[in-house]
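Coordinate analysis (summary)
The primary structure of each chain is shown beneath.
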Amino acid sequence: MPLTPLDIHNKEFTRGFRGYDEDEVNEFLDQVIKDYEIVIRQKKELEREVSQLNERLGHFNDIETTLNKSILVAQETAEDVKNSANKESKLIVKEAEKNADRIINEALEKSRRINIEVEDMKKQAKVFKTRLRMLIEAQIDMIDNDDWDHLFDTELDDEKEVERKMEEEYSSQP
C-alpha cells in the first residue's frame, strides 16, 4: 500500500546517540509531505484528465466506427446505384434497338408497298397510253376512211333536197 501524506507526517523515528537534528528532519519531512501532496493532487488531476480523454476517445472511436460503417454503406449504395444505372442503360439501349429495328422494318415495308404501287401505276400508265394510242389511231383511221366523203356527199344532196322542197312550198303558195 502506498504512503499517504499523513503516514509521512505521523512517522516517528527512534532516537539514537548522536542522531539527526530533529528540526532538520521535521523540516525535510514537511517539505516531502508538501511535495507528496502535490504529486497526489497532480496524479488525481491526471487520472481525471485521462478518464475524460478516455471518454472522448471512446466517443471518437464510436464516431470513427459509425463513419466507417457510413462510408461502407455509401460505397455499397453507390455501387448499387451504379449497377442499377448500368442495368437501366442496357435496358434503354435494348429498347432503343428494338424501336430502331421496328422503325427500320416498318420503313422497309412501306418502301416495298410504295415500290409495288409505283410499278402498278407504271403498268396502268402503259395500258392507258396503249389504249389512248389505239383510240387516237382508230379516230385517225376513221378520219382517213373514205366513208366520210360519202357522208359529205349525202349531206349535200340532202341539203339540196331540203332547199328544193322549200322552194316548191314557197312557189305553191299564192
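Refer to the structure printed above.
Computed from a predicted model, the values in this text were never measured in an experiment.

**Focus: the overall build of the protein**
Secondary structure summary: the protein contains 3 helices and 0 strands in total. Along the protein, helices (α) and strands (β) appear in the sequence α-α-α when read from the amino end. Relative to a compact globule of 174 residues, whose C-alpha radius of gyration would be 16 Å, the protein shows 67 Å and is clearly more extended. Along the first, second and third principal axes, the C-alpha set of the protein runs to 210 × 45 × 20 Å. For the protein, the residues scored as buried account for 2% of the 174 residues in total.

**Some details on the environment of Gln52**
Within the secondary structure, Gln52 is located in helix H2 (residues 22-144). Residue classification places Gln52 among the partly exposed positions, given a relative accessible area of 41%. Along the chain, Gln52 and Glu22 lie 30 residues apart, while their C-alpha atoms are 44 Å from each other.

Reading the values: the criteria
Residues numbered from 1 in each chain as written. Predicted model: local features only at pLDDT ≥ 70, side-chain atom pairs only at ≥ 80, totals over all residues. Heavy atoms only, no water. Helix = DSSP H or I, 4+ residues; strand = E, 2+ residues; numbered from the N terminus. Rg over C-alpha atoms; globule rule 2.2 N^0.38 Å. Buried < 20%, exposed > 50% of the residue type's maximum accessible area, 1.4 Å probe, protein only.

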